[in-house]
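Inside the fold
Residues per chain, in single letters:
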Amino acid sequence: MHDGQTSDTSPSCPIWRPLAAARPAMSPDWWQWIASRDSLTARLIDAGGERAFRVRLLDQRLIRPRRDEARALGIPFPRHAWRREVALCLDGRPWVVARSVAPLARLRGQRLDRLGERSLGSWLFRLPDLERSPIEVTASPPPFHPDGGPWGRRSVFRHGHFALLVQEFFLDRMADDLGLPSR
Ligand SMILES: C=C(O[C@@H]1C=C(C(=O)O)C=C[C@H]1O)C(=O)O
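Residues numbered from 1 in each chain as written. Predicted model: local features only at pLDDT ≥ 70, side-chain atom pairs only at ≥ 80, totals over all residues. Heavy atoms only, no water.

All right, on to the site of the ligand then. Of all residues adjacent to the ligand, which total 15 residues, the nearest are Leu 40, Thr 41, Arg 84, Leu 120 and Glu 168. Between an oxygen atom of the ligand and a side-chain N or O atom of Ser 39, the distance comes to 2.8 Å. A distance of 2.7 Å separates an oxygen atom of the ligand from a polar side-chain atom of Arg 84. Within the complex, 100% of the 380 Å² of free accessible area of the ligand lies under protein. Among the elements of the structure, helix 3 (40-48), strand 4 (81-90), helix 5 (120-124) and strand 9 (162-170) are those that each provide at least two residues to the shell around the ligand. Considering only residue class, the shell around the ligand consists of eight nonpolar, four polar and three charged. (Near = heavy atom within 4 Å. Polar contact = N/O pair within 3.5 Å; in protein donor to acceptor, adjacent residues only side chain to side chain. Areas by Shrake-Rupley, 256 points an atom, 1.4 Å probe, with all protein chains shown as cover. Helix = DSSP H or I, 4+ residues; strand = E, 2+ residues; numbered from the N terminus. Nonpolar A, V, L, I, M, F, W, Y, C, P; charged D, E, K, R; others polar.)

Our focus in this paragraph is the packing of aromatic side chains. In total, this model carries five aromatic pairs according to the counting rule given. An angle of 85° between the planes, with centres 5.8 Å apart, marks the rings of Trp 123 and Phe 162 as edge-to-face. One end of the pair, Trp 123, is in helix 5; the other, Phe 162, is in strand 9, with 39 residues separating them in the sequence. Summarising the burial analysis for this pair, Trp 123 and Phe 162 share the class buried. Ring geometry for Phe 144 and Phe 169: centres 5.8 Å apart, planes at 75°, overall edge-to-face. (Phe/Tyr/Trp six-rings, centres within 6.5 Å; stacked < 30°, edge-to-face > 60°. Buried < 20%, exposed > 50% of the residue type's maximum accessible area, 1.4 Å probe, protein only.)

Interpretation in functional terms is not warranted from these geometric data alone.
So this is what it looks like as structure tokens:
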């Protein structure tokens, strides 16, 4: 699943804006989710109540990152990166789809491919000295998944030389299940 090298030539590219620029169009309910800087995994488990939380691994492989991903990570465009795509599901229903990209040169021996269906967040937030960049927001649909939703967000996590871009798209199904506004 993670051996092949493919270049990512998808033409659809989300338009990212600073969090503050999206605020006027965002309901207070969604702001609570989008602006939060702690673990989304923990928040989903909490909001899910009795529902069972599960990470479904959709894909992981070596790729050439998209241009916007390379720019967010501050790496030259053609460099190789490791990419993981997951659906974060409650009772089997995907609420969030996430795509994370780490430049190979910055992996520093971290074997993220061994995470499998364990949540990245449960590992990430245990790292000492973890830094998180400002959050950026998009109203574009996820470029790697057929389901749509109100908002996507992205930020870069750093721990020493290790860098990881995490992009999370919140789906309409989550809004339906939690009774959240459409935006
Ligand atoms: C970054 C976090 O991890 C979550 C889990 C992910 C995974 O397992 O690939 C991806 C994005 C996240 O929403 C988090 O919990 O905040």
